Amino acid sequence: MVAKLDERGLVDHEKYQGVRLTEEGRDIAEQVAWRVCLVSSFFDSVLDTAVDDRTAFEIGFALPRDGVVRLRELVNASCLDLCPESGHAHDRCPA
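Analysis parameters
Residues numbered from 1 in each chain as written. Predicted model: local features only at pLDDT ≥ 70, side-chain atom pairs only at ≥ 80, totals over all residues. Heavy atoms only, no water. Pairing = 2+ DSSP bridges. Helix = DSSP H or I, 4+ residues; strand = E, 2+ residues; numbered from the N terminus. pLDDT = per-residue confidence, 0-100. Phe/Tyr/Trp six-rings, centres within 6.5 Å; stacked < 30°, edge-to-face > 60°. Buried < 20%, exposed > 50% of the residue type's maximum accessible area, 1.4 Å probe, protein only.

Peer 1: A description of the pairing of strand 2 (residues 18-21) should follow, citing residues and the corresponding values.
Peer 2: Where strand 1 (residues 11-14) meets strand 2, four bridges bridge the pair, whose relative direction is antiparallel. Following the sheet pairing, His13 is matched in strand 2 by Val19.

So, in structure tokens, the structure goes:
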């Protein structure tokens with residue numbers, strides 16, 4: 001799997017030296033983490049219930065862009081400190 005990610009330019013891998021995310025890999029990882037955070041925040045703040053990380057990932061991954069934008073509009077709570085939005089000064093939603 002690491003070799004496939006390397007071929008796609010998402011990681012830099014040298015055998016026995018380790019694996020490092022490329023800038024593109026980091027961007028994708030941040031988007032995924034942000035979607036998980038958004039889904040978790042929605043369940044927590046709007047539905048007043050918790051959702052496990054696996055389910056949040058699956059929902060966030062399955063949502064089309066329009067769905068992510070709509071979900072963000074519904075979430076009035078601040079980020080749960082799980083996503084890039086909490087650590088960066090974004091002027092707009094990174095979705």
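So that's the structure; there's more coming.
Peer 1: So what's going on with the confidence of the model for the protein? Which residues, and what values?
Peer 2: In the predicted model, the protein carries a mean pLDDT of 82, and 79% of its residues have values of at least 70. For the protein, the element scoring lowest by mean pLDDT is helix 5 (residues 84-87), at 53; helix 3 (residues 53-62) scores highest, at 94.

Peer 1: How would you explain the packing of aromatic side chains if you had to name every residue and give the values?
Peer 2: Evaluation of the coordinates by the stated rule reveals two aromatic pairs. An angle of 85 degrees between the planes, with centres 5.9 Å apart, marks the rings of Phe42 and Phe43 as edge-to-face. Take Phe42 and Phe43: they sit in the same class, and that class is buried.

Peer 1: Can you tell me about the environment of Phe61, naming the residues and giving the values?
Peer 2: With respect to the helices and strands, the residue Phe61 is situated in helix 3. Given a relative accessible area of 64%, Phe61 falls into the exposed group. Each C-alpha atom, one on Phe61 and one on Val36, is 8.1 Å from the other, the two residues being 25 residues apart in sequence.

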